[in-house]
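Listed here are the chains, written in short residue letters.
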Amino acid sequence: MTRTASITRKTGETNIELALTIDGEGKSELETGVPFMTHMLDLFTKHGQFDLTINAKGDTEVDDHHTTEDIGICLGQVLREALGDKKGIKRYGNAFVPMDETLAQVVVDLSNRPHLEMRAQFPSQKVGTFDTELVHEFLWKLALEARMNLHVIVHYGQNTHHIIEAIFKALARALDEATTIDPRIKGVPSTKGML
């Protein structure tokens with residue numbers, strides 16, 4: 001079974017083509033127009049062992065908001081589609097990732113109930129030209145469109161780049177765990193019989 005999906009999303013602000021393979025090899029081909037997001041999504045792909053292709057064009061002459069938000073929307077939608085009926089998945093994932101002085105934790109539940117709980121503060125408002133408030137925007141749209149519980153906890157950290165990078169690596173590892181097929185699980189992992 002190949003768990004893969006793709007999407008094309010065109011708006012007055014962005015034009016995005018995105019494809020995701022859950023059971024991948026950590027390969028990425030990324031043209032986001034937002035260099036810091038390209039860096040973070042490359043890490044996400046590698047640490048989650050996903051394959052991810054993104055070709056995004058947006059109104060980055062205004063700022064990075066629309067492109068970052070719409071990539072989150074598209075990634076969430078293709079993740080949900082690629083998971084299909086969710087039969088046999090572990091459903092839950094939890095990962096701690098250190099990066100120098102930073103320790104980040106991400107916990108996910110592929111529950112069909114969207115929620116983002118984010119306990120993180122960024123010492124700087126920008127990393128390069130990237131507005132750090134867009135991390136929350138991206139993660140909220142990802143959780144909403146993938147219809148998952150997403151909890152992000154930064155236990156400590158001082159360097160904004162390290163904090164965000166640890167979050168994206170932990171997100172990848174938590175999703176890798178949650179999407180893993182467990183042969184012991186028959187049907188969907190819920191007493192309701194559906195997710």
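Above this text you will find the structure in question.
Thresholds, definitions, all that
- Numbers given to residues run from 1 along each chain, matching the order in which its sequence is written.
- The predicted origin of the model limits local features to residues at a pLDDT of at least 70 and limits the giving and counting of side-chain atom pairs to 80 or more, whereas totals for whole chains, interfaces and linings rest on all residues.
- Side-chain descriptors were evaluated using all non-hydrogen atoms of the structure, hydrogens and water having been removed beforehand.
- Two strands form a pair only when DSSP identifies at least two bridges running between them.
- Helical segments are the DSSP runs of H or I of at least four residues, strand segments are the runs of E of at least two, and each set is numbered from the N terminus.
- Lines are fitted to the C-alpha atoms to define the axes, a helix being fitted only along its stretch in contact, and any angle between axes, read from their N-to-C directions, falls within 0 to 180 degrees.
- Crossing chirality is assigned from the near helix's rotation relative to the far helix, an anticlockwise turn below a right angle marking it left-handed and a clockwise turn marking it right-handed.
- By the convention used here, residues are in contact when the closest approach between their heavy atoms is within 4.5 Å.
- The nonpolar class holds Ala, Val, Leu, Ile, Met, Phe, Trp, Tyr, Cys and Pro. Asp, Glu, Lys and Arg form the charged class, and all remaining residues, Gly among them, are polar.

So, on to the sheet that holds strand 5 (residues 92–99). Strand order in the open sheet formed by four strands is 5-6-10-7, with mixed pairing between adjacent strands. The two strands at the open ends of the sheet, each matched to only one other strand, are strand 5 and strand 7 (115–119). Averaged over all neighbouring strand pairs, the angle between strand axes comes to 10°, with direction disregarded. As paired elements, strand 5 and strand 6 (residues 102–109) share eight bridges and run antiparallel to each other. Its bridge partner being in strand 6, Pro 98 is matched across the sheet by Leu 103.

Right, let's talk about the pairing of strand 1 (residues 4–10) for a bit. Pairing of strand 1 with strand 2 (residues 14–21) involves seven bridges; the strand directions are antiparallel. In the sheet register, Thr 4 faces strand 2, and the bridge partner there is Thr 21. Here strand 1 folds back onto strand 2, and the loop between the two strands holds three residues.

Below, the discussion takes up the packing of helix 1 (residues 35–48) against helix 4 (residues 160–179). Where helix 1 meets helix 4, the axes come as close as 8 Å, and the angle between the chain directions of the two elements is 35°. Handedness of the helix 1/helix 4 crossing: right-handed. Seen from helix 1, the contacting residues are Phe 36, Met 37, His 39, Met 40, Leu 41, Leu 43, Phe 44, His 47 and Gly 48; seen from helix 4, they are His 161, Ile 164, Glu 165, Phe 168, Lys 169, Leu 171, Ala 172, Arg 173, Leu 175 and Asp 176. Tallied by class, the residues present in the contact of helix 1 with helix 4 amount to 11 nonpolar, four polar and four charged.

Right, let's get into the environment of Met 1. Tracing the chain through its elements places Met 1 in the segment before strand 1. As a C-alpha pair, Met 1 and Asp 23 span 22 residues in sequence and 9.4 Å in three-dimensional space. Beyond its immediate chain neighbours, meaning those up to four positions away, Met 1 contacts Asp 23 and Ile 181.

Fair warning: the whole summary comes from geometry, so function is off the table for now.
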